[in-house]
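An overview of the molecular structure
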Amino acid sequence: MNLIRVRLGVLGLALLTGLTTPTAASAAPAAPSPTVEEQRLGRAAPQEILRRSGFDTVAPRLARALEAARTYEEARRAVTREGARLWQRAVDRAQGRGPAGGDLSRDDDRPLYWARLGMTREVRAWEPDFGLTDGQRAALLDVLERASRGQDAIRYPHGKGLKRILLTGFDPFTLDRDVRISNPSGATALALDGTVVETADGPARIETAVFPVRWQDFTDGTVERTLRPHLPKVDLFTTVSQGRVGRFDIERTNGAWRGGFGDNENVGRTETVPVADPASQPQWTTTTLPYAAIVAAPTGRFPVYDNTSVTEIPAGGTQPVVRPEGPTPGSTARAGGGGDYLSNEIAYRATLLRDRLGLRDTLPGGHVHTPVLQFGAGNTTEVTDPDFVRNRLDIIAQVRAILRVAAEGK
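Residues numbered from 1 in each chain as written. Predicted model: local features only at pLDDT ≥ 70, side-chain atom pairs only at ≥ 80, totals over all residues. Heavy atoms only, no water.

The subject of this paragraph is the environment of G376. Mapped onto the elements, G376 comes out in the loop between β14 (365–370) and α12 (386–408). Judged by its relative accessible area of 9%, G376 is buried. On a C-alpha basis, the gap between G376 and Y291 in space is 31 Å, while along the polypeptide they are 85 residues apart. Every residue in contact with G376, bar those within four places of it in the chain, is listed here: D385, D387 and F388. (Helix = DSSP H or I, 4+ residues; strand = E, 2+ residues; numbered from the N terminus. Buried < 20%, exposed > 50% of the residue type's maximum accessible area, 1.4 Å probe, protein only. Contact = heavy atoms within 4.5 Å.)

Apart from glycine, the bulk of residues carry a negative phi angle, and the bulk of peptide bonds sit in the trans form. Positive phi is not limited to glycine here, since T174 has a value of about 50 degrees. Mapping T174 onto the fold places it in the loop between β1 (163–170) and α7 (184–192). Residue classification places T174 among the buried positions, given a relative accessible area of 13%. Its identity as a non-glycine residue notwithstanding, N266 has a phi of 60 degrees, on the positive side. Its location among the elements puts N266 in the loop between β7 (257–259) and β8 (270–272). Taking relative accessible area as the criterion, N266 reaches 48% and is therefore assigned partly exposed.

Where helix α3 (residues 58–68) meets helix α5 (residues 110–125), the closest approach of the two axes is 8 Å, and the angle between their N-to-C directions is 25 degrees. Judged on the interaxial angle alone, α5 and α3 are roughly parallel. Pair α3 / α5 crosses with right-handed handedness. When α3 is examined against α5, the residues V58, A59, L62, A63 and L66 are found in contact with a partner set consisting of A115, G118, M119, E122 and V123. (Axes fitted to C-alpha atoms, helices over the stretch in contact; angles between N-to-C directions. Parallel < 35°, antiparallel > 145°, perpendicular 65-115°, else oblique. Left-handed = near helix turned anticlockwise from the far one by under 90°.)

We now examine the sheet that holds β1. Spatially, the seven strands line up as an open sheet ordered β2-β3-β1-β4-β14-β5-β10, and their pairing is mixed. Two strands bound the open sheet, and with one partner strand each, they are β2 (196–199) and β10 (304–307). In this sheet, adjacent strand axes meet at a mean angle of 25 degrees when their direction is disregarded. Docked against the sheet, α12 engages β1, β2, β3 (202–211), β4 (236–242), β5 (248–251), β10 and β14, running at close to 50 degrees with respect to β2. (Pairing = 2+ DSSP bridges.)

Turning to the confidence of the model for the chain, a few remarks are in order. For the chain, per-residue confidence averages 93 on the pLDDT scale, and residues scoring 70 or more make up 93% of the total. A low-confidence stretch, residues 1–26 (pLDDT under 50), is modelled with 117 contacts involving residues beyond four sequence positions or located in other chains. (pLDDT = per-residue confidence, 0-100.)

Another point: the pairing of β1. By the criterion of burial, β1 is predominantly enclosed, with seven of the eight residues buried. In the sheet, β1 pairs with β3 via eight bridges, with the strands oriented parallel. Across the sheet, the residue bridging to L166 is E207, located in β3. Pairing of β1 with β4, which is carried by four bridges, proceeds in the parallel orientation. Bridging across to β4, L166 finds its partner in F237.

Take a look at the structure:
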């Protein structure tokens, strides 16, 4: 994910939270307006992406299921079912199962993103005859987000001899700059979910989930809610996002600071990363991935770096200072190695959760930044091209190789 403080054009990368307990419907409030994200659906590129993948049928299918629902419970079941169906369909498409649904390459993560927004727009606009409270609608949206992102579908086979790897990716972002954007971390999550990588120590099963690029979802605890049940049971985890042009980075240090760049709702936040028990919150967390082994291994065509740089306010100081070798004692975070956007924040939250669960010394985990996914030279209008597809496939393959090295690393 792109680094906000390092380069304007290289930006850092983010579930409606807290499942709201439905209450009995009374006088139903008016349906809310579409969100900023949902409003982008009407543009030509999203519509073309949906049509060329066959995912243009997803939102209408949910609309029909909602219209058939006669109670809130029926609606909730329909939303849960269709959300899970969307996630599985996207995973199957990415992994070559079932019909492609069109000529868009199977590795593309964008059909999932735009189809989900079509679904959330349907839920937001739905006005059933039996009435729907704000809390009930919020609960339906929460269920849909979790189900369609694979967040409640993380399951590992029982038995010994199989390592467990957990990987997270992100939605596309900076869509007002270019609505055609794909996120290679989300594509990687789809391509690797449920797959097995062979390591020198035996097979390792990969499970994945995708997160939104929205500050509020992170404030509400979507990362912790998703990862907490699984971190004590896995052998390795890595959060993944899009970073710099032409390179991978293993981010050594993560900072407790939000730099304010606008998210997919065009909302910015400039503040300390809000977490539970802020009195015990550290300014910095660190990777426990075997970064030296990963950097040294031949994992693919893109170079891989051990990124140690941060931006801090030194102890006793008032102005930010770039520290190429990492933070100094007593300093205040202003950017981790992964910047001050949501890529840094998911890394900070995941590694802080690791530490608070007492897994700091036993669980390898941290953040991997992929190269920026670029279109072919001269392509400023088409939704895809051969270079675009090749770059995404190469990034996916290299993340898989990095996971193998990390699972073997000491």
